[in-house]
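Descriptive structure summary
Take a look at the letters that make up each chain.
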Amino acid sequence: MTMFLTPVDETEARAVQDALRARVVLHEPGPRPGTGHVTGVDVAYDDERDVVVAAAVVLDGATLDVVAETTAVGRIAFPYVPGLLAFREIPAVLAALESLTVDPGLVICDGYGLAHPRRFGLASHLGVLTGLPVIGVAKNPFTFTYEQPGPRRGDWSPLLDGEEEVGRALRTRDGVKPVFVSVGHRTDLDNACAHTLLLARDFRQPETTRRADALCRRALREATS
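One structure accompanies this document, and this report is about it. Model, not experiment: these values are computed from the prediction.

Looking at where R88 falls in the secondary structure, it is placed in helix α2 (residues 86-98). Note on R88: relative accessible area 7%, which makes it buried. Within polar-contact distance, the side chain of R88 engages the backbone oxygen of F78 at 3.1 Å. In this structure, R88 is in contact with Y45, D47, V52, I76, F78, P79 and Y80, ignoring residues within four places of it in sequence.

Right under this line is the structure:
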């Protein structure tokens, strides 16, 4: 695992993203959907108390049963800046992943990978630092454009920056607004979408994200009570 160093300002943070972006691996397909472990990571904040809590929840890729889960509590070390959220979240996320006693397998972030202005969102950043295959599944398209995909589960349309496809708008539930899938590290986009559909079995968001979100919110309440 590559050491994470908190940048001193926005300029240095962008320079870090630009330097690490060259290490993103895009030629690997990634783990086969429905096999191995899949791990959701998410964070919750209490800005008034300067506390951030990360959760990592490992599911069995076939059954979606919980295999392991862990949390990590830290201090917010970087201000809120759109496009630089990874620097607020990654230290706690890394701590949570490191405390797992099982192989996390594929990691799913509630955020972006290549669908980022500098093509280096949280999913890519986390993948490069850990060496793990990582994808991003976000709730909104950030700054990019897309046409509405068809109305049925599995329908998708390209998420575009000009003419460049940076991800996909993917319908995970019939008639429900799509999620936005992008490659982070050591996966391809077809595989990332296949994983997302398997993980979003009953709800719009992947079960990994739902479990990690609930766990980090609960842990934050306990840490600040």
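What follows continues from the structure just given.
Before going further, it helps to examine the pairing of strand β1 (residues 37-46). A large share of β1 lies buried, amounting to 8 of its 10 residues. The pairing of β1 with strand β2 (residues 51-60) spans 10 bridges and is classified as antiparallel. Residue pairing in the sheet places T39 in a bridge with V58 of β2. Here β1 folds back onto β2, and the loop between the two strands holds 4 residues, one of which, D50, carries a positive phi near 60°.

Core analysis: the biggest nonpolar cluster contains 35 residues, and V41, I90, V93, L97, C109 and L126 have the highest contact counts within it. The biggest single contributor to this core is α2, with 8 residues. Ignoring sequence-local partners within four residues, the contact set of L126 consists of V41, I90, V93, L94, L97, V107, C109 and V134. Grouped together as the second largest cluster of nonpolar side chains are 26 residues, V53, V179, V181 and L215 included.

Another point: the sheet that holds strand β6 (residues 156-161). Strand order in the open sheet formed by 8 strands is β3-β2-β1-β4-β5-β8-β7-β6, with mixed pairing between adjacent strands. Both outer strands of the open sheet, β3 (66-75) and β6, are each paired with one neighbouring strand and no more. When strand polarity is set aside, the average angle formed by the axes of neighbouring strands in this sheet is 30°. Bridge count between β2 and β3: 9 bridges; the pairing is antiparallel. Each bridged residue has a counterpart across the sheet, and for V51 the counterpart in β3 is R75. Lying over the sheet, helix α4 (residues 189-199) contacts β1, β4 (106-109), β5 (134-138), β7 (164-170) and β8 (179-185), oriented at roughly 15° with respect to β7.

Conventions used here
Residues numbered from 1 in each chain as written. Predicted model: local features only at pLDDT ≥ 70, side-chain atom pairs only at ≥ 80, totals over all residues. Heavy atoms only, no water. Helix = DSSP H or I, 4+ residues; strand = E, 2+ residues; numbered from the N terminus. Buried < 20%, exposed > 50% of the residue type's maximum accessible area, 1.4 Å probe, protein only. Polar contact = N/O pair within 3.5 Å; in protein donor to acceptor, adjacent residues only side chain to side chain. Contact = heavy atoms within 4.5 Å. Pairing = 2+ DSSP bridges. Core = buried A, V, L, I, M, F, W, Y, C linked by side-chain atoms within 4.5 Å. Axes fitted to C-alpha atoms, helices over the stretch in contact; angles between N-to-C directions.

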